Amino acid sequence: MPDPHASTVPLARRAGAWFLVLALPAACALAFAWVGGWLSPQRLTPRRLIDQFQANAGVHPGYRRNHAKGVCVAGHFDSSGEAAAYSVAQVFAPGQRTPVVGRFAIPGGNPYAPDGSVPIRSMALRFALANGQQWRTGMNSMPVFPVATPQAFYAQLQAGQPDPATGKPDPKKLAAFFAAHPETAAFRAWAKTAKPSASFATDGYWSLDAFVFTGPDGQRHAVRWRMVPEAVDATGAAAPAGQPDYLDADLRQRLAQGPLRWKLLVTLANPGDPTNDATKAWPDDRRTITAGTLVVDSEQAQDSGPCRDINYDPTVLPDGIAISDDPLLPARSAAYADSYLRRTSEEAHLPGTARVDTKPQAEAHP
Amino acid sequence: MNNTTGLFALPARILHWLMAAAILAMLFIGVGMVASVSERHAWLLRIHKPLGIAILLLAVLRLAVRLRNPPPPLPADLPAIQKLAAHASHWLLYALMIAMPLVGWAMLSAGGYPVMLGDSLRLPPIFPAGPVAFAVLRHLHTWLAMLLFLTFLAHLGAALYHGLIRRDGVLASMVGGSRKS
Ligand code: HEM
Ligand code: HEM
Ligand code: HEM
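Residues numbered from 1 in each chain as written. Chains lettered and ligands numbered in written order. Predicted model: local features only at pLDDT ≥ 70, side-chain atom pairs only at ≥ 80, totals over all residues. Heavy atoms only, no water.

Chemist: What am I meant to see in the packing of helix 3 (residues 150-159) of chain A against helix 4 (residues 171-180) of chain A here?
Modeler: When two helices pack together, their arrangement is given by the angle between the helix axes and by the axis-to-axis distance. Residue and element names in this part refer to chain A. Two elements in contact, helix 3 and helix 4, have axes whose closest approach is 8 Å; the angle formed by their N-to-C orientations is 160°. The orientation of helix 3 relative to helix 4 falls into the category roughly antiparallel. The crossing of helix 3 and helix 4 is left-handed. Of the residues in helix 4, those in contact with Ala152, Ala155, Gln156 and Ala159 of helix 3 are Lys173, Leu174 and Phe177. Here the contact of helix 3 with helix 4 is built from residues that sort into five nonpolar, one polar and one charged. (Axes fitted to C-alpha atoms, helices over the stretch in contact; angles between N-to-C directions. Helix = DSSP H or I, 4+ residues; strand = E, 2+ residues; numbered from the N terminus. Parallel < 35°, antiparallel > 145°, perpendicular 65-115°, else oblique. Left-handed = near helix turned anticlockwise from the far one by under 90°. Contact = heavy atoms within 4.5 Å. Nonpolar A, V, L, I, M, F, W, Y, C, P; charged D, E, K, R; others polar.)

What follows is the structure, encoded as structure tokens:
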């Protein structure tokens, strides 16, 4: 007999026991589903952010869901030693040379977008420190970010989704977004005068997000950094009109003549400077140090170059650099991971993923 | 039988409950962090990696403890099919508590990430970097986690069934105290 006690236990108690046997696992399953977001379709998740990028620019298998069009570069970083007093990161030790694999790109999810379609360029870098730690950063060529939170970023993406009828974003929705988000004002003021540059080499690139350095004395310092180009625009240099792909050709031509250089400037915050709001620049008079020089000496196509399989997650940081309370940083980490998983799954031809398209389509997405 | 007390050895019981809490926490932390874009994502991930590696070390210790202290036998009157289910699910739980951290570690290695357990503690890579390996291992991490969670649900239901319905001393053998029989 499997259950010798059954006959002696009152029916009500047995029913109660069976209820617990079933209800406890069910409650666990429910809690799991709730934590995993399956019961809250309105929660902003990395998946929904990346789905929105795809809604705006289409699905281009194998490519990044944002900053899809770009080129790999390689070189090294020579530390000046000036930042060593503020951060114990090995990359800042005096005289230290650190190899770098980087990527220049333009924002947007369309890998065939014309270079002149946006005034923004980006630089992503992976510093491979001698101690095995890494520093990854993605920077944009603008002094402020349009929004401060992932929720606002998502709203901006939604407002920019092309209308199926026209193939272009609905100006009314964009206007409504900007009206509801006054924090975009500084970015819009910059964008009014910004022109698409003719070269990746002449742009400066800003971290925008704030980070925290920890020095040898254990002191913490809120910082932002930027890359300032050595190359300057020849007067009147403008992006060639009517050409979709000039940035890559320009980069190749410049590198054929020699390496390109940027100075890495690190700005230290004063107490009270906002670290959680990438829409606000810090005042110009903040202490700024030159941490070293980035030297870029080669480039490779992104389809086969070493940057292809790197996720430039800005929260991958060495000892001595940490994330701040900037809410964009964890959102970037989570979203980049989802984008990275989608594109590597497509490269691996896993079942259920979109197939990798090797040649550009004639009718590029708007 | 080597085990005459009818109880799991004290170290086995301590490890069981400690690891039950840790593994359950890991499952919730895991699904919570990949569904979040807030600060939670960052601090959950900071817990996830070192705790996962701690589970790997504890699992090895636990198997060693098990080799030295055979578990008490299941009740003799338990139907053979239930005995089989009990043994199979226990081995599946052991396999998963070792596989999960190894897959997590291997997938970060394959993705080319430094496997950081803290500000400066870094584990060496255990898998060559490559997008195909990363994608496969990253999906495997999810699917094995779902299998682990389902096995846990069945395990919980079975433990309660023994404790509340059959009242055959199996739950007591892991909780401790005296085994009535
Ligand atoms: C919540 C806000 C943001 C979201 C959701 C987001 C999303 C993304 C995604 C999905 C990618 C592609 C990642 C990949 O597949 O590897 C990407 C790339 C990039 N993002 Fe963001 N981004 C955000 C904010 C920012 C900010 C503030 C900056 C600038 C400082 C930035 C700079 C970059 C750069 C430079 C890349 C290109 C990296 C590369 O070349 O691989 N993003 N972004
Ligand atoms: C008992 C051990 C472990 C359990 C139960 C576990 C469980 C999970 C779960 C449930 C997820 C969410 C999967 C999804 O929904 O897609 C996850 C994600 C993740 N796990 Fe683990 N994990 C374990 C060990 C580890 C270890 C040791 C590491 C690394 C050293 C690791 C690294 C990660 C990472 C990086 C992610 C998130 C990746 C992303 O953001 O896409 N895990 N884990
Ligand atoms: C994720 C969480 C858990 C894991 C991974 C786990 C794992 C295991 C494993 C591997 C065994 C077999 C021990 C051996 O034969 O060496 C076991 C036994 C046991 N577990 Fe768990 N357990 C978990 C949670 C729980 C919970 C929540 C309960 C009770 C409510 C429970 C009750 C028991 C009992 C009663 C046994 C003894 C079974 C027997 O006598 O053969 N476990 N557990």
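Chemist: How should the site of ligand 3 be read in this particular structure?
Modeler: All names here are of chain B. The local shell around ligand 3 holds 20 residues, among which His16, Arg66, His90, Tyr94 and His155 are the closest. Within the side chain of Arg66, an N or O atom sits 2.4 Å from an oxygen atom of ligand 3. Interatomic distance of 3.4 Å between a side-chain N/O atom of Ser173 and an oxygen atom of ligand 3. Every element with two or more residues in the shell around ligand 3 is listed here: helix 1 (10-34), helix 2 (39-68), helix 3 (80-110), helix 4 (131-166) and helix 5 (170-175). Split into classes, the residues belonging to the shell around ligand 3 amount to 14 nonpolar, four polar and two charged. (Near = heavy atom within 4 Å. Polar contact = N/O pair within 3.5 Å; in protein donor to acceptor, adjacent residues only side chain to side chain.)

Chemist: Teacher, can you tell me more about the coordination of the iron atom of ligand 3 here?
Modeler: Six octahedral donors around a metal ideally subtend angles of 90 or 180 degrees, whereas four tetrahedral donors ideally subtend 109.5 degrees. All names here are of chain B. For the iron atom of ligand 3, the full set of protein donor atoms is His16 (NE2) and His155 (NE2), and the range of their distances to it is 2.0 Å. Angles of 88 to 179° at the metal separate the six donor atoms of the iron atom of ligand 3, which places the site in the octahedral class. Of this pair, His16 sits in helix 1 while His155 sits in helix 4, and the two are 139 residues apart along the sequence. For His155, a relative accessible area of 24% corresponds to the partly exposed category. (Donors = N, O, S within 2.8 Å, 3.2 Å for Na, K, Ca; no water. Tetrahedral: all angles 85-135°; square planar, octahedral: opposite > 155°, others 65-115°. Buried < 20%, exposed > 50% of the residue type's maximum accessible area, 1.4 Å probe, protein only.)

Chemist: Please clarify how the state of the cysteines should be interpreted in this entry.
Modeler: One covalent bond between the sulfur atoms of two cysteine residues makes up a disulfide. Residues and elements named next belong to chain A. A complete count under the given rule lists one disulfide over all chains for this structure. One disulfide in the model links Cys72 with Cys307; its S-S distance is 2.0 Å. Taking the sign of the S-S torsion, about -75° here, the bridge from Cys72 to Cys307 comes out left-handed. Taken together, the residues span a long stretch of sequence, with Cys72 in strand 1 (residues 69-79) and Cys307 in the loop between strand 9 (288-301) and strand 10 (321-323) at a distance of 235 residues. The exposure class of Cys307 is buried, given its relative accessible area of 0%. (Disulfide = S-S within 2.5 Å.)

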